[in-house]
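Topology and contacts: notes
Given next are the chains, with one letter for each unit.
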Amino acid sequence: MSKPISGRYLSFVEREEIGLLRAQGISMREIARRLGRSPSTISRELTRNAATRGGKLEYRASVAQWKAELFAKRPRAAKLTTNLRLREYVQDRLAGTLKDAHGNEIEGPKQPPFNGRNKPHRGHRKWVNGWSPEQISNRLKTHFPDDESMRISHECIYQALYIQGPGALKRELVTCLLTGRALRIPRARAQAKAWAHVSEEIMISKRPAEVEDRALPGHWEGDLIIGLNRSAIGTLVERTTRYTVLVHLPREAGYGKAPRVKNGPALAGYAAITMTDALKRVVTSLPDHLWRSLTWDRGKELSDHARFTIDSGVKVFFADPHSPWQRGTNENTNGLLRQYFPKGTDLTRWGANELQAVAHTLNARPRKLLGWKTPAEVLDEHLKVAQTAGVATTG
């Protein structure tokens, strides 16, 4: 580490002491007294130079020293610190109050004071203009076409919000962004593939043509309906007959006995391995010729689809992102099931017998598109035809 320019600045040794004392739960005022520094100096140090990559503010001496040296280089003053008109424009587009068509201000709900954390979870947020940094950056060219001093990139605005240079934008303005995140997510994490388990060869576009016309039974659509406290029920619907099967997904052993841990074991009942095993049990309950393919939503609960296909022989396909209409039969059935399993209720209270009873009720309900036959009757007809064809072939 390089030496500080003068005793006016905190040294690396002092930063190590701050880190050790803070880890022991010592107050900022006591740390300042022991180091012979102002409490405001310690407060700014803990906020400005804290490490943020772990998803929360943690003070580490090495990171703090690196940040301090980076700021000390001062290659040039930031635009928002020298151009008052530009800073006011940016702040107004971020945090300006709402106005109606006549220019009257609309107060909106109250938001709790900023505490260095993300936006309120399922709580009211302050009503503001809420422009994104990219919108602000590009709109400047329209509002000030001939004034080159009124230019700033969206990245500079983000840095002014998150890196807190002297005279830059106030930190609490991050709550005016759409995400409301107090800490910026590293780019590598933001660009990580959300659906790494879905490859090109198992996309819905690769599904056999016979699935589309619904003439041949055995092609299913599936998804989960989610309830309170991460409870879930698996739903399977056969495309030709509209026959419904519900998959019981009880909690794993140990659920709720200890606080949830990030990247810890999935105990809610629909982890990949658990989901695959539950589906395999369902497949064995019906004849093999009624299981030709399964089209699923893009949820990670079926990320173990390769093992499911090997063990059951059922080919799995995934719908396109944000395209529920590609599994319209399943989505419609999920809507019918909400009569029995409303949103916001704990679905684990229902056992396999209750789920079977609900599925039986739907399968015994006449459908207009089936000529007022029930799904159970149409499935039974297909089974009889298949049985007759098998006997004729054997004979």
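Everything numeric here is computed off the predicted structure, so don't read it as measured data.

To continue, consider the overall build of the protein chain. When its secondary structure is counted, the protein chain shows 15 helices and seven strands. For the protein chain, with 395 residues in total, the buried portion stands at 37%. Long-range pairs, those at least 24 residues apart, make up 58% of the contacts in the protein chain with a sequence separation of at least 6. Per element, the accessible surface of the protein chain, about 23,800 Å² overall, is 53% carbon and sulfur.

Moving on, we come to the pattern of salt bridges. Where charged atoms from two side chains of opposite charge approach closely, those side chains can pair. In this structure the tally under the stated criterion is 18 salt bridges. Notably, a salt bridge pairs Arg327 with Asp223, separated by 3.0 Å at the nearest N-O pair. With Arg327 in the loop between strand 7 (315-318) and helix 13 (328-337) and Asp223 in strand 3 (residues 219-226), this residue pair connects regions lying 104 residues apart in the sequence. Per residue, the accessibility class of Arg327 equals that of Asp223, and both read buried. In this structure, a network of salt bridges that share partners links the residues Asp277, Lys280, Asp304, Arg307 and Asp311.

Below, the discussion takes up the sheet that holds strand 4 (residues 232-238). Strand order in this open sheet of five strands is 5-4-3-6-7, and the pairing throughout is mixed. Two strands close off the open sheet at either side, each with one partner strand: strand 5 (244-247) and strand 7. Across the sheet, the axes of successive neighbouring strands diverge by a mean angle of 25 degrees, strand direction being ignored. Bridge analysis of strand 6 (residues 293-296) against strand 7 gives four bridges, and the strand direction is parallel. Counterpart to Trp296 in the pairing with strand 7 is Phe318. Here helix 12 (residues 305-312) sits on the sheet and contacts strand 6 and strand 7; the angle it forms with strand 7, its principal contact strand, is near 150 degrees. Sheet strands touched by helix 13: strand 3, strand 4 and strand 5. Its angle to strand 3, the strand with the most contacts, is close to 40 degrees.

At a minimum axis distance of 10 Å, the contact between helix 1 (residues 12-23) and helix 2 (residues 28-35) shows a crossing angle of 145 degrees. Considering the relative orientation of helix 1 and helix 2, their crossing is right-handed. For the pair helix 1 and helix 2, contact is made by Glu14, Glu17, Ile18, Leu21 and Arg22 and by Met28, Ile31, Arg34 and Leu35, respectively. Of the residues assigned to the contact of helix 1 with helix 2, the class counts are five nonpolar, no polar and four charged.

Okay, the nonpolar core next. The biggest cluster of nonpolar side chains holds 28 residues, and the ones touching the most others in it are Leu236, Leu279, Leu294 and Trp296. Listing elements by their share of this core, those giving two or more residues are strand 3, strand 4, strand 5, helix 11 (272-283), strand 6 and strand 7. A per-element tally of this core places helix 11 first, with five residues. Dropping the residues within four chain positions of it, Trp296 is found in contact with Gly222, Asp223, Leu224, Leu236, Met275, Leu279, Glu301, Leu302, Phe317, Phe318, Ala319 and Arg327. Listed in part, the 22 residues of the second largest apolar core include Tyr89, Val128, Met150 and Val174.

Positionally, Arg367 belongs in the loop between helix 14 (352-363) and helix 15 (375-394). Although Arg367 is buried, it forms no salt bridge, and the closest oppositely charged side chain is Glu377 at an N-O distance of 10 Å. The contacts of Arg367, once residues within four sequence positions are left out, are Arg242, Leu336, Leu362, Trp372, Lys373 and Pro375.

So, about unusual backbone geometry. The phi dihedral of His322 is positive, around 55 degrees, even though this residue is not glycine. Residue position: His322 is located in the loop between strand 7 and helix 13. By relative accessible area, which is 69% here, His322 ends up exposed. Although it is not a glycine, Trp372 sits at a positive phi angle of roughly 65 degrees. Inspection of the secondary structure assignment puts Trp372 in the loop between helix 14 and helix 15.

On inspection of all chains with the given rule, the structure shows two aromatic pairs. Between Trp220 and Trp291, the aromatic rings sit 4.3 Å apart at their centres with planes inclined by 10 degrees, giving stacked as the arrangement. A residue pair is termed long-range when its members are at least 10 positions apart, and Trp220 in strand 3 and Trp291 in the loop between helix 11 and strand 6 qualify at 71 residues. Each member of the pair, Trp220 as well as Trp291, is classed as buried. Directly above the ring of Trp131 sits Arg93, whose terminal nitrogen or CZ lies 5.5 Å from the centroid.

Looking along a regular strand, one sees side chains alternate from face to face of the sheet. On strand 6, burial covers both faces: Ser293 and Thr295 on one face and Leu294 and Trp296 on the other are all buried. In terms of strand pairing, strand 3 meets strand 6 through four bridges, oriented parallel. Residue pairing for strand 6: Trp220 is matched across the bridge by Leu294.

Axis separation between helix 1 and helix 3 (residues 39-48) bottoms out at 12 Å; the angle between their running directions is 85 degrees. Judged by the inter-axis angle, helix 1 sits roughly perpendicular to helix 3. Residue-level inspection shows Arg15, Ile18 and Arg22 of helix 1 in contact with helix 3, the latter providing Ile42, Glu45 and Leu46.

Attention shifts here to helix 6 (residues 84-95). Here helix 6 spans 16 Å end to end across 12 residues, near enough to the 16 Å set by a 1.5 Å rise per residue. Those residues of helix 6 not exposed but buried are Leu86, Arg87, Tyr89, Val90, Arg93, Leu94 and Ala95. Its buried side turned inward, helix 6 meets helix 5 (79-82), helix 7 (133-143) and helix 8 (154-162).

Rules used throughout
Starting afresh in each chain, residues are numbered from 1 along the sequence in its written order. This being a predicted model, a pLDDT of at least 70 is required before a residue's local features are given, and a value of 80 or more before pairs of side-chain atoms are given or counted; all residues contribute to the totals for chains, interfaces and linings. With hydrogens and water stripped out, all remaining heavy atoms of the structure feed into the side-chain values. Segments assigned H or I by DSSP are reported as helices when at least four residues long, segments assigned E as strands when at least two residues long, and all are numbered from the N terminus. Three labels apply to residues, based on accessible area from a 1.4 Å probe with only protein chains included: buried if under 20% of the type maximum, exposed if over 50%, partly exposed otherwise in between. Whether two residues are in contact is decided by their heavy atoms: any pair within 4.5 Å suffices. The method behind every accessible area is Shrake-Rupley, applied with a 1.4 Å probe, and residues are considered shielded solely by the protein chains displayed. By definition here, a salt bridge exists when the distance from a side-chain nitrogen of Lys or Arg to a carboxyl oxygen of Asp or Glu is within 4 Å. Any two strands between which DSSP finds at least two bridges are classified as paired. Interaxial angle, 0 to 180 degrees, is taken between N-to-C directions of lines fitted to C-alpha atoms, where a helix line uses only the stretch in contact. Take the far helix as the reference: if the near one is turned anticlockwise from it by less than a right angle, the crossing is left-handed, and if turned clockwise, right-handed. Classes in brief: Ala, Val, Leu, Ile, Met, Phe, Trp, Tyr, Cys and Pro nonpolar; Asp, Glu, Lys and Arg charged; the others, Gly included, polar. We define the nonpolar core as a collection of buried residues of types Ala, Val, Leu, Ile, Met, Phe, Trp, Tyr and Cys that are connected through side-chain atoms lying within 4.5 Å of one another. Only four residue types enter the tally: Lys and Arg on the positive side, Asp and Glu on the negative side, with His and both chain ends excluded. Think of it this way: a Phe, Tyr or Trp ring, Trp meaning its six-membered ring, pairs with another when their centres are within 6.5 Å, and the plane angle makes it stacked under 30 degrees, edge-to-face over 60, tilted otherwise. A ring is scored as having a charge over it whenever the NZ atom of a lysine or the CZ atom of an arginine sits within 6 Å of its centre and within 35 degrees of its normal. Put simply, angles under 35 degrees are roughly parallel, angles over 145 are roughly antiparallel, angles from 65 to 115 are roughly perpendicular, and the rest are oblique. Multiplying 1.5 Å by the residue count of a helix minus one yields the expected span of that helix.

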